[in-house]
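Understanding the architecture of this molecule
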Amino acid sequence: MNNLDMNWQKTLSLFQGKLDDYGLDKITFDSFFTTLEIKDIVGSVVTITIDTKWSLDVVEPYLTHLQEIYNTVTNGHYQLHLMTEEDFKQSHAKQEHLLHFDDHLNPDLTFDNFVIGNSNRIAQNASLAVAMKPGISYSPLFIHSNSGLGKTHLLNAIGNYAKKRDPSINVLFTTSENFVNEYIQSLANHAMDEFNYKYRQMDILLIDDIQFMATKESSSEIFFNIFNTLISNKKQIVITSDKPPRDLKGMENRLVSRFSSGLTVSIDTPEFETAKAILRKKIEIENVDYPITEEVLDFIATHFNTDVRELEGSLKRLLFYKLICGKKLDVIDLNFALEAFSDSYSQPTQKKELTVSNIKKCVADYYNLTVAQINSKSRTSSIIVARHIAMYLVRELIEDISFIQIGHEFGGRDHSTVMKACHKVQQKLEKDMNYRQAIQDIKKKLV
Ligand SMILES: Nc1ncnc2c1ncn2[C@@H]1O[C@H](COP(=O)(O)OP(=O)(O)OP(=O)(O)O)[C@@H](O)[C@H]1O
């Protein structure tokens, strides 16, 4: 007999000794109480089963006495929970079923095939740290970048890596859109218990593209609760988004502040060498068995480098063109690449004309402000931030424009005010990754 059974038998025999006090007789005790069995202890809840519903009705009124005795025997603070054998089996089956959910991880997206460069090193390092020790140091981890730069890849890599190290942990990858749909469906099917149970038992919850949840109020509410439960149970949450937490328009402040409470990292557009390394990796994965010259890689890395998806697409196009062109080629060289991209590649076009007004407009749009607010004397902090960035970008992007001219363009301000603003931006750029990303995003829209 194990400890658990011994404690229970002791409880029953002490209970039996007090039958008179409880107004019970031996025949009732022998018929109903001796079949009680401890099935499960989760935390402080001890589940006891009984064979039938009518036996349950007889025993239930005496449960608090049994609980008192059990806590004296075990010197614990347990709550006894009584249910029929049948109910226990059903709820167990439900939980077993829920434990076999699909993790939705893509096994092809791993750290092994994620190319590291300056543009993504911090995000990759943070992701790996989290995958090695989920929930320990950086929860939530918030990864943001423009589209196609590897956020989904890293999310999957975290899940795949962690599962490989410990196959017993519960990992779930989902997009915020799927989360919202699943929530709506669970509400409609009266299956919110299952929904909550599933999400709350995760050791690692990976949520892609959180920006879609911004305006979904009730889904945000339930997500907020799940988020808090997981974080307070030291579980790992990783979230991705196309912008940093504070720029998630429409997202509740309490969620934004929770998102910022862990570690926030960003991914930039791959620089030339990283773009080439990614191309080489993709060539290796595709098992390309003919040489592609360095010049071709340079060409693609220079002209199709907005994001990694574009790099991948260009390579696929090149390989496809080789397949269908009908030429017998031993090597893919630059001439062939120029032919393959003849309709999508044109000589670099002239830069868009940059004027003070279109820089102001672009910054104002980015921050959801008007140009009049940028020019105004308002001291509201969000307007000041946008105004300073606009001044800085004017100074940086328009050749030979003086501080005096800029001051004039921004509502007749003094040149020293403009100088101070530009200096402040420069200082903040060096320290604040999110700020740097915002300025890069605006620049990208302008140039
Ligand atoms: N550093 C990298 N090394 C190898 N492949 C990469 C890298 N970064 C991105 N990729 C590949 O680029 C493609 C796009 O990446 P991914 O889907 O992860 O981007 P994303 O940032 O999540 O985009 P979106 O915001 O549009 O969802 C994927 O095929 C991914 O495997």
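What comes next concerns the included structure. Bear in mind the structure is a predicted one, so any value in this text is a computation, not a measurement.

Here we come to unusual backbone geometry. Residue Ser 139 is joined to Pro 140 through a cis peptide bond whose omega torsion reads 0°. Locating Pro 140 in the fold gives a position in the loop between helix H7 (121-132) and strand E4 (141-144). Non-glycine residue Asn 75 carries a positive phi angle of around 55°. Relative to the helices and strands, Asn 75 is located in the loop between helix H5 (63-74) and strand E3 (79-84). In the Ramachandran plot, Asp 400 falls in the positive-phi region, its phi being about 60° despite a non-glycine side chain. Along the polypeptide, Asp 400 turns up in the loop between helix H19 (381-397) and helix H20 (403-409). Given a relative accessible area of 77%, Asp 400 falls into the exposed group.

On to the nonpolar core. Within the largest apolar cluster, 47 residues are counted, with the highest numbers of intra-cluster contacts made by Leu 206, Ile 292, Ile 300 and Leu 318. Split by domain, this core shows at least three residues from each of two domains, domain 2 (121-266) and domain 3 (272-340). Each residue touching Ile 300, except ones within four places of it in the same chain, is listed here: Leu 279, Asn 305, Leu 311, Ser 314, Leu 318 and Phe 341.

Take a nonpolar patch on the surface next. The grouping of Phe 320, Leu 323 and Ile 324 at the surface amounts to a nonpolar patch, some 360 Å² of accessible area in total. Judged by relative accessible area, Leu 323 falls into the exposed class, the value being 69%.

What counts, and at which threshold
Residues numbered from 1 in each chain as written. Predicted model: local features only at pLDDT ≥ 70, side-chain atom pairs only at ≥ 80, totals over all residues. Heavy atoms only, no water. Helix = DSSP H or I, 4+ residues; strand = E, 2+ residues; numbered from the N terminus. Buried < 20%, exposed > 50% of the residue type's maximum accessible area, 1.4 Å probe, protein only. Core = buried A, V, L, I, M, F, W, Y, C linked by side-chain atoms within 4.5 Å. Domains from an automatic or database assignment. Contact = heavy atoms within 4.5 Å. Patch = residues over 30% accessible without salt bridge, like charges linked within 9 Å, V, L, I, M, F, W, Y side chains within 5 Å. Areas by Shrake-Rupley, 256 points an atom, 1.4 Å probe, with all protein chains shown as cover. Salt bridge = Lys/Arg side-chain N within 4 Å of Asp/Glu carboxyl O.

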